[in-house]
Structures are given as C-alpha cells and as structure tokens.
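Working through the structure, step by step
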Amino acid sequence: MAVLVVALTLVACSWGAAAEPVVTNVFEDEDIRNVLHYISAQTGYNILTEPSVQGRVSLLLKEVPLHSALDMITEPLGYAWVTRDGYYMVGLPGAKNPAYASFVTTEVVKLGYLKADAAVKLLADSFAPNVKANAAANSVVITGTAAIVERIRQMLISIDTVPSGIAVDAMVVQLAAGADKLLGLVSGGGSWSVGSTSSDLLSRAISSGAAAVRTAARLLTVDGEAGEVGMTWDSGTSTTAVSFVVTPRLSCEGNIIMKVAADVTESARVAGASPATNRHRASTTVVVGDGDTVLVGRFMLDGDGAGPDVDTLLILVPRTLQEAG
C-alpha cells in the first residue's frame, strides 16, 4: 500500500497570513527528497512526497519564491506539486499513480470560432492525453497539472481567432461576337490570364456592350470554409441553372487560394418533345490577389430560338470583406 512520506518538518502553517517565503540554498547533486527536506525546514511549510519521487538535483537558489523553487526542482524530473489544506504534496502526475487525482485539475475551454476537433489536432502530440474535444458544445476539456492546464488554455486562446470574412462575386457573362479577342481569350476555350488586368478588360467589355452580365450573385463565407451559391435564369426557350462551390483560404502573403467547382445545367424546351438537358462542369484551384478576376469555365449555351449558341463565361471575383464594396 502506498504511503506518503513526510519530508521532515511538522510545523503548522497559517496559509495566507504572510507573503510567500523565499528560498536561498545551494544543492549539488543532492537527492530530491533531501532538497525538499531542507526547503521545508527553511520555509516552515510541510512538504509531503509520494513514494515514486526520486532523482538528483543541482541548483542554486537565491531568494527565490517558494512556488518558483518547487517548479525548478520538480519539473525537470517530471514531477508536480500541489497545495492542500496546510501542506504541499510532490508526486508524479501520471495516471498510474494512485494519487494521480491529487495532482491534476480539469478545465473546460469553450471555443468561439475554431471547431473543437480541429483545435485538438493543432496542439502538440504530447498534449493528446490531456485534452478531449466536445463537438456538441464546441469545447475542449483539459485535464492535467495546473501548469499544463494553463499552458493548453493559452494555446487554445491564441489559435481560436476570428476567421477572415471573404466575399465572392459570381457572374455569368455572355459575349458578343469578337469579344473573346478583346478579352484575350484564345479561340476554342483556351487560357485567360488571371489578374487585375483581366478585371479591367472585363469592365471595359461590359461597358462597351461586347459582354453582358446575364446573372450575378454574392457568396459570403470565411477563410477555410466552403460556401455555395446558385443562380437560375430563363431565356424563353431554355432554363439554365448555375451553382458554384467555393472554398477560399488566405495565404500568409495576402493572396486568396480558391478551390472552385462549377455546375451548369441547361434545359431546352422543344415544342412537342421532352426537354433536352445539357450539363457542364468545371473545377479548378487558383491563387489570386484580392479583387482579381477568375475565369472558372467557358461554355456555349443555347441561343434564343433561331439565334446561335451564346459564348458564356463563368467568372468569380473574390475579395476580403474589408475590401468588398
């Protein structure tokens, strides 16, 4: 049966009646039990050690507050100390220690922005035994010594920050004849440079009538979270639906990394026949600046009756919320 060993003094203590005592001593490769014995005698506080406490201590203390001295003695050897009613206790804060419950405390930290599961994964692996995620309450339960609990709590506070808001303007743009050359599009659906120059060209094309915004919507999301926006319009002979799924992330340099998936469904109405459905899909991941224009896809959509098919672009313009108008 485990028995707590008293490290010498039995002097009664009046807690809170005086300031924390200081310790002055020199220890050279001294047994930790003897070190605690000397500190107990010098400060007048009872110190108990549980049976597993062992090791050697080399330390110079000069007017060091008692609590700091105990930290310096116990932490390098993996031990912890706690205060009780009238005494201190030193021991191993391990689950196999019969006195484990005496050395640990539990605190619940509720998160405001970061998901609990994600927060736990961001902590160092060495803290895994000390934390549990409560997904339902979006909180992290911390169990450990007072020092470990406080350290983890501060880490959670530092990573549980307000995510940056991002607005993504989604547009379906239809082109007039020859507009592809004006916009720098290669015939046949080739590449289009992404950047502020493209934004300027698009604005000029719309102003001149070479391009027209068929429909538009704004998606609001936050850094790292997927958002979805859908648009539908009727041209008289067909109904077209467009949906975007966008997952934006902000880089350290201030760029926006966007994972985008677009889905276009076109249902053409033909008299006396079932609607003919065409589906177009596009997905991409791009790195752009704040406010740059992204060409996600280019399709030919049915014209109005006898008219030719319409050259159509799917365009996104992401902006951080402080930049969004």
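Residue numbers run consecutively from 1 along every chain, following the written order of its sequence. Restriction of local features to residues with pLDDT of at least 70 applies here, the model being predicted, together with a cutoff of 80 or more for giving and counting side-chain atom pairs; totals for whole chains, interfaces and linings are based on all residues. Think of the side-chain values as coming from all heavy atoms in the structure, minus any hydrogens and water.

1. Remarks on unusual backbone geometry
Both trends apply: most residues other than glycine have a negative phi, and most peptide bonds are in trans. One non-glycine residue, Asp29, lies in the positive phi region at around 50°. Take Asp29: it is sitting in strand S2 (residues 22-31). Note on exposure labels: buried denotes an accessible area under 20% of the residue type's maximum, exposed denotes more than 50%, and partly exposed covers the range between, all computed with a 1.4 Å probe on protein chains only. Overall, Asp29 belongs to the partly exposed group, its relative accessible area being 42%. Even without being a glycine, Asn138 presents a positive backbone phi close to 50°. Counting from the N terminus, the helices are the DSSP runs of H or I reaching at least four residues and the strands are the DSSP runs of E reaching at least two. Within the secondary structure, Asn138 sits in the loop between strand S8 (131-134) and strand S9 (139-144).

2. Let's talk about the environment of Arg319
Note on placement: Arg319 falls in strand S17 (residues 310-320). When the C-alpha atoms of Arg319 and Asn255 are compared, they prove to be 9.8 Å apart, with 64 residues separating the residues in sequence.

3. A look at the packing of aromatic side chains
Stacked, tilted and edge-to-face are the three classes applied to pairs of Phe, Tyr and Trp rings, where Trp contributes its six-membered ring and a pair requires centres within 6.5 Å; stacked means planes under 30 degrees apart, edge-to-face means over 60, and tilted covers the rest. Going through the model one piece at a time under the given rule, you end up with 3 aromatic pairs. Centre to centre, the rings of Tyr45 and Tyr88 are 5.9 Å apart; their planes meet at 85°, and the pair counts as edge-to-face. Of this pair, Tyr45 sits in the loop between helix H1 (32-43) and strand S3 (46-49) while Tyr88 sits in strand S6 (residues 87-91), placing them 43 residues apart in sequence. A residue is classified by how much of its surface remains accessible, and Tyr88, at 2% relative accessible area, is buried. Three or more aromatic residues joined by ring pairs form one cluster here, namely Tyr45, Trp81 and Tyr88.

4. What to know about the sheet that holds strand S12 (residues 227-234)
On the basis of which strands lie adjacent, the open sheet formed by 4 strands has the order S12-S13-S14-S15 and antiparallel pairing. Of all strands in the sheet, those bounded by a partner on one side alone are S12 and strand S15 (276-288). This sheet shows a mean twist of 15° between the axes of neighbouring strands, independent of strand direction. If DSSP finds at least two bridges between two strands, the strands pair. In the sheet, S12 pairs with strand S13 (residues 238-250) via 8 bridges, with the strands oriented antiparallel. Directly across from Gly227, in S13, lies its bridge partner Val246. Helix axes are fitted only over the stretch in contact, all axes being lines through C-alpha atoms; the angle between N-to-C directions runs from 0 to 180 degrees.

5. Brief notes about the nonpolar core
The term nonpolar core refers to a set of buried residues drawn from Ala, Val, Leu, Ile, Met, Phe, Trp, Tyr and Cys, joined through side-chain atoms within 4.5 Å. Counting residues in hydrophobic clusters, the biggest one holds 25 residues, and the most contacted among them are Phe244, Val246, Met258, Val296, Leu314 and Leu316. Broken down by secondary-structure element, the contributors of at least two residues to this core are strand S10 (165-175), S12, S13, strand S14 (256-268), S15, strand S16 (294-301) and S17. With 5 residues, S14 is the largest single contributor of residues to this core. Counting residues in each nonpolar core, the second largest holds 21 residues, with Ile39, Tyr45, Ile47 and Val53 among its members.

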